[in-house]
Amino acid sequence: MKVRQPTFDFSSIRPHWAPVREFAQSYNAFSTVPAHIEPFLVKVMMRVKDALGEKHPKLRADIEIFNKQEVQHCKQHVAFNKMLYKSGYAGMQALEKPYKDDYQRFLETRSLRFNVAYCEGFEAMGSSAGQVFFEELDEYLAGSDQEAVDLWKWHLAEEFEHREVCFQAYEALYGKGLFAWLYRIWVFAYAVKHIGSHTARVGAYMNDVDRENMSEVDRAASIERQKVLRAKISKASKKRLVKVLSPFYNPGKMVPSPGMAELLSRFS
Ligand SMILES: [Fe+2]
Ligand SMILES: [Fe+2]
């Protein structure tokens, strides 16, 4: 694990950076997540470090790198999202506000156990999303804007790289017993629903903006393309995420996708 500081230039990138514009809009909606969740992750993991005290020096060192990686991810996605706001999708920001506020509320009112389990739930989604992006989406990525593809590949490869940190933090603080497992699963399901409903709202807005000036025929074709890609991503994600539910789940045992190491070496 290491901190990388890539320099992306989003000045010439288009919101429809992939040949299938509904695919680009799905990931544009996902791009609002790191802008708000990653500052939350960093704050929660700083609390974890305090709670660990002098124990677990390796984990505390990993948390340092984890946090620095998340700060870089957030910074790049915020820059990317500004391009979206300026390109006719300023209405996204109103949809992001309540989602952003949720994280402030979690920090103020929820237990550290809940917040660590939520972070682990997101990290489990992130490492699976990395495998999906690297292994299942070539048909959508062919012909795409390289800068947008690299943003996602760099981010998701680092998500995969640091996939164990929150899991280990949760185990270090709350153990491996039956209650710890059931609680982790409950909060994982909560995180999937919370994040999924937010990205669905933003994605629907993006597509609605695009469809405003479409003919009936084009609109029907757009809806059909969205259905197909959603089914593909959902199937590829579910088959990976089901493993998170197991009491024997261990993200450390996940195998990196071909291309992840090479991609990360480019940014090192
Ligand atoms: Fe991240
Ligand atoms: Fe992460």
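Scroll up to find the structure this text is about.
Computed from a prediction, not measured in an experiment: that's the story for all the values here. (Residues numbered from 1 in each chain as written. Chains lettered and ligands numbered in written order. Predicted model: local features only at pLDDT ≥ 70, side-chain atom pairs only at ≥ 80, totals over all residues.)

Colleague: Tell me about the overall build of the protein, and name the residues and values.
Modeller: When you go through the protein residue by residue, the secondary structure sums to eleven helices and zero strands. The secondary structure elements of the protein, listed N-terminal to C-terminal, are α-α-α-α-α-α-α-α-α-α-α. For a compact globule of 268 residues, the expected C-alpha radius of gyration is about 18 Å, and the protein comes in at 18 Å, within 12% of that figure. Taken along its principal axes, the extent of the C-alpha atoms in the protein is 60 × 35 × 30 Å. (Helix = DSSP H or I, 4+ residues; strand = E, 2+ residues; numbered from the N terminus. Rg over C-alpha atoms; globule rule 2.2 N^0.38 Å.)

Colleague: Describe in detail the environment of Gly-130, supporting the description with residues and values.
Modeller: Residue placement: Gly-130 occurs in helix α5 (residues 112-135). In this structure the C-alpha to C-alpha distance between Gly-130 and Val-217, which are 87 residues apart in sequence, comes to 34 Å. Non-local contacts of Gly-130, meaning those with residues more than four positions away in its chain, are made with Leu-156, Ala-157, Glu-159, Phe-160 and Ser-257. (Contact = placed C-beta atoms within 7 Å.)

Colleague: Help me get a handle on the nonpolar core, residues and values and all.
Modeller: Ranked by internal contacts, the top residues of the largest apolar core, which has 48 residues, are Val-44, Met-45, Val-116, Cys-119, Phe-133, Cys-166 and Ala-169. When residues in this core are grouped by element, the largest group, eleven residues, is from α5. Each residue touching Ala-169, except ones within four places of it in the same chain, is listed here: Met-45, Val-48, Leu-59, Ile-63 and Val-116. Counting six residues, the second largest nonpolar core, distinct from the first, contains Ala-29, Tyr-89, Met-92 and Val-202. (Core = buried A, V, L, I, M, F, W, Y, C linked by C-beta atoms within 7 Å. Buried ≥ 20, exposed ≤ 12 C-beta atoms within 10 Å, placed from the backbone.)

Colleague: I'd like to hear about unusual backbone geometry, residue by residue, with values.
Modeller: For His-56, which is not a glycine, the phi torsion comes out positive at approximately 55°. Assessed through the 17 C-beta atoms surrounding it within 10 Å, His-56 is described here as partly exposed.

Colleague: Describe the packing of α5 against helix α8 (residues 165-174), naming the residues involved and giving the relevant values.
Modeller: Close contact between α5 and α8 brings their axes to 8 Å; oriented N to C, the two are set at 150°. One finds that α5 runs roughly antiparallel with respect to α8. As α5 packs across α8, the resulting crossing turns out to be left-handed. Where α5 abuts α8, its residues Arg-113, Val-116, Ala-117, Cys-119, Glu-120 and Glu-123 lie against Cys-166, Phe-167, Ala-169, Tyr-170, Leu-173 and Tyr-174. Residues of the contact of α5 with α8, tallied by class, amount to nine nonpolar, no polar and three charged. (Axes fitted to C-alpha atoms, helices over the stretch in contact; angles between N-to-C directions. Parallel < 35°, antiparallel > 145°, perpendicular 65-115°, else oblique. Left-handed = near helix turned anticlockwise from the far one by under 90°. Nonpolar A, V, L, I, M, F, W, Y, C, P; charged D, E, K, R; others polar.)

Colleague: Lay out the environment of Lys-235 in plain terms, naming residues and giving numbers.
Modeller: Take Lys-235: it is sitting in helix α10 (residues 216-241). Distance in space between the C-alpha atoms of Lys-235 and Val-132 is 9.8 Å, their sequence separation being 103 residues.

Colleague: Which residues make up the packing of helix α1 (residues 21-30) against α10, and what values do they have?
Modeller: Each pair of packed helices gets described by two things: the angle between the helix axes and the distance between those axes. Orientation of α1 relative to α10, taken along the N-to-C sense of each, is 60°, at an axis distance of 9 Å. With respect to their mutual orientation, α1 and α10 come out oblique. For the pair α1 and α10, the sense of crossing is right-handed. Contacts between α1 and α10 involve Glu-22, Phe-23 and Ser-26 on the former and, on the latter, Ser-222, Arg-225, Gln-226 and Leu-229. Taken together, the residues that form the contact of α1 with α10 break down as two nonpolar, three polar and two charged.

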